[in-house]
Amino acid sequence: MPAHRPNHPRQTADAARPVVLTAFRIVVGLLFACHGAASLFGVLGGAKGGGTVPLGQWPGWWAALIQLVGGALVLLGAGTRVAALLCSGSMAYAYFTVHQERALLPLQNGGEASVLFCWAFLAIAMLGSGPYALDRLLTRRPPAAAAEPAIRPTSTV
């Protein structure tokens, strides 16, 4: 018997959701970790086009550390919700303390990356890691879609 194929675009989208969520988490985590590595170690072009952020400097070094560690945790799907929430908050902080004072809108103040990372990590924190994550492997929990519903309908008869 051939494998079941969704015959409606909605079914196709629903079937792809776990893979897309996982891919989104991996890409966002990788990009964020690369920003941290660039700032901390001077790789990939370094901090702001060259060099590193001085050790312990507030807030740059700490932000880079959050980017590297938080991005790596999100990439791997380990402690995803907490790591993503911390990353989201750090980007909100960056936007309002660095970019917002230059101009009102992200396009005017150079804060597009901060805003996009902030909202992407907030989405990951709310949606979770997806089925293909280190968290799932370690806890052996079933994916959310396959889990039993928390509330079961009861009979009123």
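Residues numbered from 1 in each chain as written. Predicted model: local features only at pLDDT ≥ 70, side-chain atom pairs only at ≥ 80, totals over all residues. Heavy atoms only, no water.

Student: How should I be thinking about the environment of Tyr95 in this particular structure?
Tutor: When you line up the elements, Tyr95 lands in helix 3 (residues 80–99). Spatially, the C-alpha atoms of Tyr95 and Val115 are 6.8 Å apart, while their sequence positions differ by 20 residues. Discounting chain neighbours no more than four positions away, the residues touching Tyr95 are Gln100, Leu104, Leu105, Pro106, Asn109, Gly111, Ser114 and Val115. Within polar-contact distance, the side chain of Tyr95 engages the backbone oxygen of Leu104 at 3.1 Å. (Helix = DSSP H or I, 4+ residues; strand = E, 2+ residues; numbered from the N terminus. Contact = heavy atoms within 4.5 Å. Polar contact = N/O pair within 3.5 Å; in protein donor to acceptor, adjacent residues only side chain to side chain.)

Student: Mind showing me how you'd approach the pattern of salt bridges here?
Tutor: Two side chains carrying opposite charge are able to pair once their charged atoms lie near each other. Evaluation of the coordinates by the stated rule reveals two salt bridges. For Asp14, the salt bridge is made with Arg10, and the minimal N-O distance between the two is 3.7 Å. Taken together, the positions of Asp14 and Arg10, both in helix 1 (residues 9–41) and four residues apart, correspond to about one turn of that helix. Asp14 sits in the partly exposed class, given a relative accessible area of 32%. Taking the relative accessible area as the measure of exposure, Arg10 reaches 55% and is therefore exposed. With a closest N to O distance of 3.3 Å, Arg17 and Asp14 form a salt bridge. (Salt bridge = Lys/Arg side-chain N within 4 Å of Asp/Glu carboxyl O. Buried < 20%, exposed > 50% of the residue type's maximum accessible area, 1.4 Å probe, protein only.)

Student: Teacher, can you tell me more about the layout of surface pockets here?
Tutor: The gaps of empty space that remain are located by a probe, the size of a water molecule, rolled over the atoms. Here the largest pocket defines a volume of roughly 890 Å³. Around the largest pocket, the lining is made up of 32 residues, and of these Lys48, Ala63, Gln67, Met91 and Ala94 lie nearest the centre. When residues in the lining of the largest pocket are grouped by element, the largest group, seven residues, is from helix 3. For the lining of the largest pocket, the per-class residue count stands at 19 nonpolar, 11 polar and two charged. (1 Å grid on protein atoms, 1.4 Å probe; cavity = no way out; pocket = protein on both sides within 12 Å on 5 of 7 lines; lining within 4 Å. Points joined across faces, edges and corners; volume = space filled by probe spheres on them. Nonpolar A, V, L, I, M, F, W, Y, C, P; charged D, E, K, R; others polar.)

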